[in-house]
Amino acid sequence: MSFIRKADATFPPASSVTNWREYDASLCNRGSLTIWFTPEAIAGWKAQPRTTPGGQRHYSDLAIETALTLRTVFRLALRQSEGLIGSIMKMLEIDLPVPDHTTLSRRACGLPVCNLARIRTGELHLIVDSTGLKLLGAGEWLFEKHGTTKRRAWRKLHIGIDAGNGEIVALT
């Protein structure tokens, strides 16, 4: 598994600090970024050969997840994510192929999403919201231009949010 870690620590209140030089250095280190790939991640970067008919995949799900995680963390476009992964590979001197932006886009929709179980126990203050979402598409343009009637594209979203931390705990 590959890891991304931002150096961060819990700091004491400024009134109890005795070594200001060390405290200042630790504040500066909060902005440092450390990225490394474990040997297991390097070994699992390329996809295993398929035994069924069809095209062979070049990248494992781990490679796609890593690239998409970096994309989400740094709020990048797909092409920028491709460039970031390439520069990380070059900087770490790892000779692995980099998934291109079209592969990232195509494989992103097929990745399984793991639902994390609620870790906390005890009381749960649940806020439930039910709202309608309007889906926009080509039909909206036709309605605006020609004023024709069409079936509206509405979907209902029901969401349950933990009031304590804002975590979504239920949705349908």
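Quick caveat, the model's predicted, so the values are computed rather than measured.

All right, on to the nonpolar core then. Across soluble globular proteins, you tend to see nonpolar side chains buried next to one another. If you look at the biggest cluster of nonpolar residues, it comprises 17 residues, and the most contacted ones within it are Phe 37, Trp 45, Ile 64, Ile 85 and Met 89. Residue assignment for this core shows that the elements contributing at least two residues are β2 (33–37), α3 (61–74) and α4 (78–91).

Once that is clear, we can look at the pattern of salt bridges. Oppositely charged side chains can form a pair if their charged atoms are brought close together. Evaluated as defined, the whole model comprises two salt bridges. One salt bridge connects Asp 61 with Arg 57, and the closest N-O pair in it is separated by 4.0 Å. Judged by relative accessible area, Asp 61 falls into the partly exposed class, the value being 32%. Where Asp 61 meets Arg 107, a salt bridge forms, and the shortest distance between an N and an O atom there is 2.7 Å. In this pair, Asp 61 is assigned in helix α3 and Arg 107 in helix α5 (residues 101–108), connecting sequence segments 46 residues apart. When its relative accessible area of 8% is taken as the criterion, Arg 107 is described as buried. If you follow the salt bridges from partner to partner, you end up with Arg 57, Asp 61 and Arg 107 in one network.

On average, residues of the chain carry a pLDDT of 78, and 76% of them reach 70 or more. The secondary-structure element of the chain with the lowest mean pLDDT is strand β1 (residues 2–6), recorded at 47, while α4 shows the highest, at 92. In this model residues 1–9 is a low-confidence stretch, pLDDT under 50, and it forms 28 contacts with partners more than four residues away in sequence or in other chains.

Right, let's get into the side chain of Ser 60. Note that Ser 60 resides in the loop between α2 (39–43) and α3. With near-sequence residues (within four places) excluded, Ser 60 lies in contact with Gly 44, Trp 45, Lys 46, Ala 47 and Arg 107.

Criteria and thresholds
- Here the residue numbering is sequential within each chain, running from 1 through the sequence in written order.
- Local features in this predicted model are restricted to residues of pLDDT 70 or higher, and side-chain atom pairs are both shown and tallied only at a pLDDT of 80 or more, whereas totals for entire chains, interfaces and linings draw on every residue.
- The basis for every side-chain value is the complete set of heavy atoms in the structure, and neither hydrogens nor water enter the calculation.
- By nonpolar core is meant a set of buried Ala, Val, Leu, Ile, Met, Phe, Trp, Tyr and Cys residues that side-chain atoms within 4.5 Å join together.
- For every residue, the accessible area obtained with a 1.4 Å probe (protein chains only) is divided by the maximum for its type, and the residue is called buried under 20%, exposed over 50%, and partly exposed between those limits.
- In DSSP terms, a helix is any run of H or I states spanning at least four residues, a strand is any run of E spanning at least two, and both are numbered starting from the N terminus.
- By definition here, a salt bridge exists when the distance from a side-chain nitrogen of Lys or Arg to a carboxyl oxygen of Asp or Glu is within 4 Å.
- pLDDT expresses how confident the predictor is about each individual residue, on a scale running from 0 to 100.
- Pairs of residues are marked as contacts when any of their non-hydrogen atoms sit within 4.5 Å.

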